[in-house]
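Listed below are the residues making up each chain.
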Amino acid sequence: MPLIAYSIGDRGFMSQVLCPKFGGFLVYGSLEGSPVAGLPTLESLRQAYQVQYINEDTKVFGLISKPVGHSKGPVLHNPAFRFLNYNGIYVPMLVDDLKKFFGVYSSSDFAGFSVGIPYKEAVTGFCDELHPLAQLPICGVSIGAVNTIIRKPSDGKLVGYNTDCEAAVTAIEDALTERRYPNGEASLTSPLTGKQFVLVGAGGAGRALAFGARSRGARLVIFDIDFDRAKSLADAVSGEVKHYEDVVNFQPEKGAILANATPIGMHPNTDRIPVAEETLSDYQLVFDSVYTPRKTRLLKEAEAAGAIIVSGVEMFLRQAIGQFNLFTGGEAPEELMREIILSKF
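Residues numbered from 1 in each chain as written. Predicted model: local features only at pLDDT ≥ 70, side-chain atom pairs only at ≥ 80, totals over all residues. Heavy atoms only, no water.

Participant: Describe in detail the sheet that holds strand 1 (residues 59-65), supporting the description with residues and values.
Facilitator: Read across the sheet, six strands follow the order 2-1-3-5-6-4 without closing on themselves; strand pairing throughout is mixed. The open sheet has two free edges, formed respectively by strand 2 (88-94) and strand 4 (129-130), since each of these has just one partner strand. Set on the sheet, helix 10 (residues 312-328) makes contact with strand 1, strand 2, strand 3 (110-115), strand 5 (148-151) and strand 6 (158-161); between it and strand 5 the angle comes to about 5 degrees. (Pairing = 2+ DSSP bridges. Helix = DSSP H or I, 4+ residues; strand = E, 2+ residues; numbered from the N terminus. Contact = heavy atoms within 4.5 Å. Axes fitted to C-alpha atoms, helices over the stretch in contact; angles between N-to-C directions.)

Participant: Can you break down the sheet that holds strand 9 (residues 240-243) residue by residue, with the values?
Facilitator: The six strands are arranged 9-8-7-10-11-12 in an open sheet whose pairing can be described as parallel. What marks the edges here is a single partner per strand, and that holds for strand 9 and strand 12 (308-310). Recorded for the sheet is a direction-independent mean angle of 20 degrees between the axes of neighbouring strands. The sheet contact formed by strand 8 (residues 219-224) and strand 9 spans four bridges and is parallel. Note that in strand 9 the partner of Asp224 across the bridge is His243. Of the strands in this sheet, strand 7 (196-200), strand 8, strand 10 (256-260) and strand 11 (283-288) are in contact with helix 7 (residues 204-215), which crosses strand 7 at around 170 degrees. Sitting on the sheet, helix 9 (residues 297-304) is in contact with strand 10, strand 11 and strand 12, with an inclination near 165 degrees to strand 11.

Participant: I'd like a rundown of a nonpolar patch on the surface, residues and numbers included.
Facilitator: On the surface, a nonpolar cluster with roughly 340 Å² of combined accessible area is contributed by Ile4, Phe25 and Leu26. Within the element layout of this structure, Ile4 appears in the segment before helix 1 (9-17). (Patch = residues over 30% accessible without salt bridge, like charges linked within 9 Å, V, L, I, M, F, W, Y side chains within 5 Å. Areas by Shrake-Rupley, 256 points an atom, 1.4 Å probe, with all protein chains shown as cover. Salt bridge = Lys/Arg side-chain N within 4 Å of Asp/Glu carboxyl O.)

Participant: Run through the packing of aromatic side chains, naming residues and quoting values.
Facilitator: All told, the structure shown has 16 aromatic pairs when counted by the stated rule. Look at Tyr90 and Phe327: their rings are 6.3 Å apart centre to centre, the planes differ by 45 degrees, and that puts the pair in the tilted class. Note that Tyr90 is positioned in strand 2 and Phe327 in helix 10, a separation of 237 residues in sequence. Each member of the pair, Tyr90 as well as Phe327, is classed as buried. Consider the rings of Phe223 and Phe250, whose centres lie 5.4 Å apart with planes at 70 degrees: the pair is edge-to-face. Of this pair, Phe223 sits in strand 8 while Phe250 is found in the loop between strand 9 and strand 10, placing the two residues 27 residues apart along the sequence. We note that Phe223, like Phe250, is buried. (Phe/Tyr/Trp six-rings, centres within 6.5 Å; stacked < 30°, edge-to-face > 60°. Buried < 20%, exposed > 50% of the residue type's maximum accessible area, 1.4 Å probe, protein only.)

Participant: Any details on the environment of Arg338? Residues and values, ideally.
Facilitator: The topology assignment puts Arg338 in helix 11 (residues 334-344). Residue classification places Arg338 among the partly exposed residues on the basis of a relative accessible area of 35%. For the pair Arg338 and Ile321, spaced 17 residues apart in the sequence, the C-alpha separation amounts to 9.5 Å. Not counting residues within four places of it along the chain, the set of residues in contact with Arg338 comprises Glu314 and Leu317.

Participant: Explain helix 11 residue by residue, including any values.
Facilitator: For the α-helix, the turn length of 3.6 residues means that residues three or four positions removed from each other point alike. Those residues of helix 11 that fall on the buried side of the exposure criterion are Met337, Ile340 and Ile341. For helix 11, the angular spread of the buried residues around the axis is 100 degrees, confining them to a single face. Projecting away from the buried face of helix 11 at angles above 90 degrees are the exposed residues Glu335, Glu339 and Ser343. Those residues of helix 11 that are buried are in contact with helix 3 (73-83) and helix 10. (Arc of directions from axis to C-beta.)

Participant: Before we move on, could you go through the environment of Pro293 and cite the residues and values that matter?
Facilitator: Mapped onto the elements of the fold, Pro293 is located in the loop between strand 11 and helix 9. Measuring from C-alpha to C-alpha, the distance between Pro293 and Leu84 comes to 29 Å, with 209 residues separating the pair along the chain. Those residues within four positions of Pro293 in sequence are excluded, and the remaining contacts are Gly265, His267 and Thr270.

Participant: Break down a negative patch on the surface for me, citing the residues and quoting the values.
Facilitator: A cluster of like negative charges, contributed by Glu331, Glu334, Glu335 and Glu339, occupies part of the molecular surface. Note that Glu339 resides in helix 11. (Lys, Arg positive; Asp, Glu negative; His and termini not counted. Charge placed at Lys NZ, Arg CZ, Asp CG, Glu CD.)

Participant: Outline the pairing of strand 8, supporting the account with residue identities and numerical values.
Facilitator: Burial within strand 8 is extensive, with five of its six residues counted as buried. Relative to strand 8, strand 7 is paired through five bridges, and the arrangement is parallel. Within strand 8, the position partnered with Phe197 by the bridge is Leu220. After leaving strand 7, the chain enters helix 7 and then returns to the sheet as strand 8, a path that is right-handed. In the classification by handedness, the crossover that spans strand 8, the intervening helix 8 (residues 227-236) and the parallel strand 9 is right-handed. (Right-handed = clockwise from strand over helix to strand, strands pointing away.)

In structure tokens:
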């Protein structure tokens, strides 16, 4: 008896989308109003993934993360590919074991990856090379975190990059500059110079923020649930380390910057904030790397307290533009990508 098998769930999702790439006979999707858990809808197959354009020459890019359900990468990268007539597809890739993953997905068909929580640091061990963008040495120490990997067509080697660093720091700088110079006057120094920069989270995103802020002359105070990790990062950027349990009682300097680089406040657990609410009025600006929801409780409370707020959506957009440029070797359609971001978040 003829039999067609298919996978569902987050782990099987990309096997549905990539059927046309690898000679699959059928692509399965669920009907609107009759969802099947772990199966893409017909609308998403046509709109977000545009499977009708996928063929054997399509280059595959994807998000290495756990979880992956929150990712907006496909609705951003895939329309941008189509806009430039680039034959690529971007899919979520739920990964449990990095070693097994890179052992299986080692062909040139898989041309590049985004890297998300919790793998931005660990994945550096699977890169053959680290680009200076992922190193940004300060005092001889590198970021040690990667959010983008490109497979070199010439020899298949994996090159790790970091587009998070500049994305996050320039988003913060631009927000401060816009408030300070509303008419667009230029400033020769970074608005972060000399500022106390309170960072909650010392993982991959936290390292990118720390090195970026330090490169602009900010003074770092770092909290992380893993004290040793926080201390290691603080030592690398000549910052100060604090015990995580003290963050709720920490009193920042007036006009300090707060950056949340933890998953606290991410959907579906949206009711938490990483610091004491009564301290938010002391911060000039509050940045949250979480982008689902677009305006987290932390940002709502900070805005109510009078702080400038910067959403993780802005960082997401800027790092995605950097990734797209690396994926394609061309220039990302920035206006289109910003329009998509504003409509989808």
